[in-house]
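# Observations on chain architecture
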Amino acid sequence: MNEPADPHRLARELLGRELEDLEPDEQRVIRRVAAGTVFVGDREEADQIHAGFGDRLADKVAAVGGSWGFIVGFGLVLLAWVVINSDVFAALGFAPFDRYPFIFLNLMLSMLAAVQAPIIMMSQNRQAKKDRIAARHDYEVNLRAQLELIRLSHKLDRLARVMGHVEGQAADSTKE
């Protein structure tokens, strides 16, 4: 098993800079590569996994409110409201409870918008956090892969030099 490498030496060898000169994310990746560890979730990721009831509810409201099913269903409710409160049912003896210009309907729509908009924004903020975490994971995976390829390239170069040196010695001994 390999012992952990020195992160300062790795930074100089692989990136050509001192560890202290690297960005914090790069330093964290170099330290993990040096230690041979894999990515472990951080506090932000744990918070996203253990979302509270309000957060999960906001996500569900945003999922429903932003769907075609909601738009079609809500359109049908509005159409029914208008028909029920028109003179069509007045002829059958039903008195409209919200005559044109539908003031009560406007109040209900305003209240719905006032409640729904912040809930959807909460869900979008949570999604943005998830996206930032995913981007950070992608960045780390890509940087680790690049660093490992550089390490592998250096090992292959050393192996080629050693093999060339050994082949050179074998060729010299056959000439004698």
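Structural data are supplied above this passage.
For the structure given in this document, a descriptive report is provided here. Nothing here was measured: the structure is a model prediction, and the numbers come from that model.

Here the amide bond leading from Y100 into P101 is cis, since omega sits at 20 degrees, within 30 degrees of zero. For P101, the location among the structural elements is in the loop between α6 (87–90) and α7 (103–175). Positive phi, normally seen in glycine, also occurs at F102, with a value near 55 degrees. Its location among the elements puts F102 in the loop between α6 and α7.

Over its 12 residues, helix α2 (residues 24–35) extends 16 Å from the first C-alpha to the last, a length consistent with the 16 Å expected when each residue adds 1.5 Å. All of the buried residues in α2 are E26, Q27, V29, I30, R32, V33 and A34. Two residues or fewer past α2, G36 is found with a positive phi of approximately 75 degrees.

What counts and how
- The residue count restarts for each chain, going from 1 along the sequence in the order it is written.
- For this predicted model, a pLDDT threshold of at least 70 governs which residues receive local features, and a threshold of 80 or more governs which side-chain atom pairs are given and counted, while totals over whole chains, interfaces and linings are taken from all residues.
- Excluding hydrogens and water, the side-chain figures rest on all heavy atoms present in the structure.
- Per the convention used, a helix needs a DSSP run of H or I reaching at least four residues, while a strand needs a run of E reaching at least two, with both numbered from the N terminus.
- Multiplying 1.5 Å by the residue count of a helix minus one yields the expected span of that helix.
- Between buried and exposed lies partly exposed: a residue is buried under 20% and exposed over 50% of the maximum accessible area for its type, with that area taken using a 1.4 Å probe on protein chains only.

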